Amino acid sequence: MRNKVRCLIIGSGPAGYTAAIYASRANLEPVLYEGMEPGGQLTTTTEVENFPGYPDGITGPEMMEDLKKQAQRFGTEVRSGRATAVDFSVRPLKVTIDNEQVIEADTVIISTGASAKYLGLADETKYAGQGVSACATCDGFFYRKKVVAVVGGGDTACEEATYLSGLAEKVYMIVRKPYLRASQIMQERVMNNPRIEILFEHNAVGLFGENGVEGVHLVKRMGEPGEEWYGLPIDGFFLAIGHTPNTDIFKDFLKMDKVGYIVTEHPSTKTNVEGVFACGDAADPIYRQAVTAAGTGCRAAMDAERYLTEKGL
Ligand code: NDP
């Protein structure tokens, strides 16, 4: 197995695989490490309806499988393994995989994406795997004909609630504001769904149950006069409140914003370290779409190719 490569890609979502397609077609012979969640966040969604070129939609896992095949067709070497440390102060750049193997690379393309956020309640940990989930597609099946709650009012929350309404008997959405943040079409979808009930101005503050989740402690109009506390019986508690970029291992070397999104030299994907490029959700606090991630993946590969040519590497 090669331990020295010209182009190392970390992460296997739409950004990573698009970078891999472009890098392999440019003869950079890239190696791509799939990371913790092969295929990335799209493997946990159902239908992708907004990626151009699929008039009938496509499932997230199918799309990622196709992207992987497309990257491999041009020679990308896809390896399982997770980058656990980096040293960007040396040349070649060093990336440690699974705490043991060190790969040397002339260029590194970071496409490590983002992960679902939790509220930070002790009960989320207490009931992990016993009624608490951040992925309806993964776990919805266990809640057929049951009652579930989804926290959040964005597109993800609406999508998760809609998906769960096809399985569960009743879906509550717990939304802290008096309105949804989601796009109009998603809002209409949940509002018109008889199985979904939206609890506006509600905060979840804890969970209860003897054997797994049996209910959620809610506060209505928290902090306002007449705030109301009550327990709502549910069987499943789904988080859909946004994401955190997976960039911890780079923090000693790369410039990031206060949340941890990698800062790139717009319009390129260059980071503050020469030869290191960032693309996809790891560097995008705003758009975070599969198609925008793919677009930046393409740019990262082109930037890496130019860098290697300039340096004669
Ligand atoms: P968003 O950041 O858009 O929404 C997060 C939601 O969670 C908001 O309603 C927010 O409330 C709520 N929230 C955040 N923190 C807390 C908390 N501590 N307690 C209670 N509620 C909380 O994240 P999404 O994951 O929904 O979407 C991210 C991006 O991905 C968006 O740009 C979205 O459009 C896109 N997306 C598109 C899809 C599609 O088009 N098919 C599908 C999924 C996502 P508040 O409004 O009060 O801040």
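For the structure given in this document, a descriptive report is provided here.

Parameters and conventions
Residues numbered from 1 in each chain as written. Predicted model: local features only at pLDDT ≥ 70, side-chain atom pairs only at ≥ 80, totals over all residues. Heavy atoms only, no water. Pairing = 2+ DSSP bridges. Helix = DSSP H or I, 4+ residues; strand = E, 2+ residues; numbered from the N terminus. Axes fitted to C-alpha atoms, helices over the stretch in contact; angles between N-to-C directions. Patch = residues over 30% accessible without salt bridge, like charges linked within 9 Å, V, L, I, M, F, W, Y side chains within 5 Å. Areas by Shrake-Rupley, 256 points an atom, 1.4 Å probe, with all protein chains shown as cover. Salt bridge = Lys/Arg side-chain N within 4 Å of Asp/Glu carboxyl O. Lys, Arg positive; Asp, Glu negative; His and termini not counted. Charge placed at Lys NZ, Arg CZ, Asp CG, Glu CD. Buried < 20%, exposed > 50% of the residue type's maximum accessible area, 1.4 Å probe, protein only. Expected span 1.5 Å × (residues − 1). Contact = heavy atoms within 4.5 Å. Near = heavy atom within 4 Å. Polar contact = N/O pair within 3.5 Å; in protein donor to acceptor, adjacent residues only side chain to side chain. Domains from an automatic or database assignment. 1 Å grid on protein atoms, 1.4 Å probe; cavity = no way out; pocket = protein on both sides within 12 Å on 5 of 7 lines; lining within 4 Å. Points joined across faces, edges and corners; volume = space filled by probe spheres on them. Nonpolar A, V, L, I, M, F, W, Y, C, P; charged D, E, K, R; others polar. Disulfide = S-S within 2.5 Å.

Across a sheet, paired strands are connected by hydrogen bonds in the backbone, their directions being either parallel or antiparallel. What the three strands build is an open sheet, ordered β14-β15-β16; its pairing is antiparallel. Strand pairing shows two members of the sheet lacking a second neighbour, β14 (202-208) and β16 (228-233), which therefore form its edges. The sheet shows a mean angle of 30° between the axes of neighbouring strands, direction not considered. Bridge count between strand β15 (residues 215-220) and β16: six bridges; the pairing is antiparallel. Pairing of V216 across the sheet is with L232, part of β16.

This paragraph deals with a negative patch on the surface. Together, E47, E62, E65 and D66 give the surface a local cluster of negative charge. Take the negative patch: its biggest share by element is three residues, from helix α2 (residues 60-73). Within the fold, E65 resides in helix α2. A residue is classified by how much of its surface remains accessible, and E65, at 41% relative accessible area, is partly exposed.

The terminal C-alpha atoms of helix α7 (residues 290-311) lie 31 Å apart, and with 22 residues this matches the ideal 32 Å at 1.5 Å per residue to within 8%. Turning to α7, its buried residues are A290, A293, A294, T296, G297, C298, A300, A301, D303, A304, Y307 and L308. The inward-facing, buried residues of α7 contact β1 (4-10), α1 (14-25), α2, β8 (101-110) and β19 (276-278). Directly beyond the C-terminal end of α7, a positive phi value near 65° is found at G312.

Around the ligand, the structure places 18 residues, and the nearest of them are G153, D155, T156, R176 and R181. One of the side-chain nitrogen or oxygen atoms of R176 is found 2.9 Å away from an oxygen atom of the ligand. Ranked by residues supplied to the shell around the ligand, first place goes to helix α5 (residues 155-165) with three residues. Taken domain by domain, the shell around the ligand gets at least three of its residues from each of domain 1 (4-115 + 243-311) and domain 2 (118-239).

Moving on: the layout of surface pockets. In this approach a probe as big as a water molecule rolls over the atoms, and the regions it shows empty are the leftover space. The space that makes up the second largest pocket amounts to roughly 310 Å³. Lining the second largest pocket are 16 residues, and of these T264, A283, D284, T296 and R299 sit closest to its centre. Sorting elements by how many residues they give to the lining of the second largest pocket places α7 first, with three residues. Here the residues of the lining of the second largest pocket sort into seven nonpolar, seven polar and two charged.

Sheet architecture is open: five strands sit in the order β10-β17-β11-β12-β13, paired in parallel fashion. Every other strand in the sheet has two partners, leaving β10 (132-133) and β13 (196-199) as the edge strands with one partner each. Sheet topology places strand β12 (residues 170-174) next to β13; four bridges connect them, and they run parallel. Bridge pairing in β13 places M173 opposite I198.

In this section: the state of the cysteines. Considering all chains together, one arrives at zero disulfides under this definition. Distance from the sulfur of C7, which forms no disulfide, to the nearest cysteine sulfur (C279) is 9.7 Å. A relative accessible area of 0% places C7 in the buried class. Classification of C279 as buried rests on a relative accessible area of 1%.

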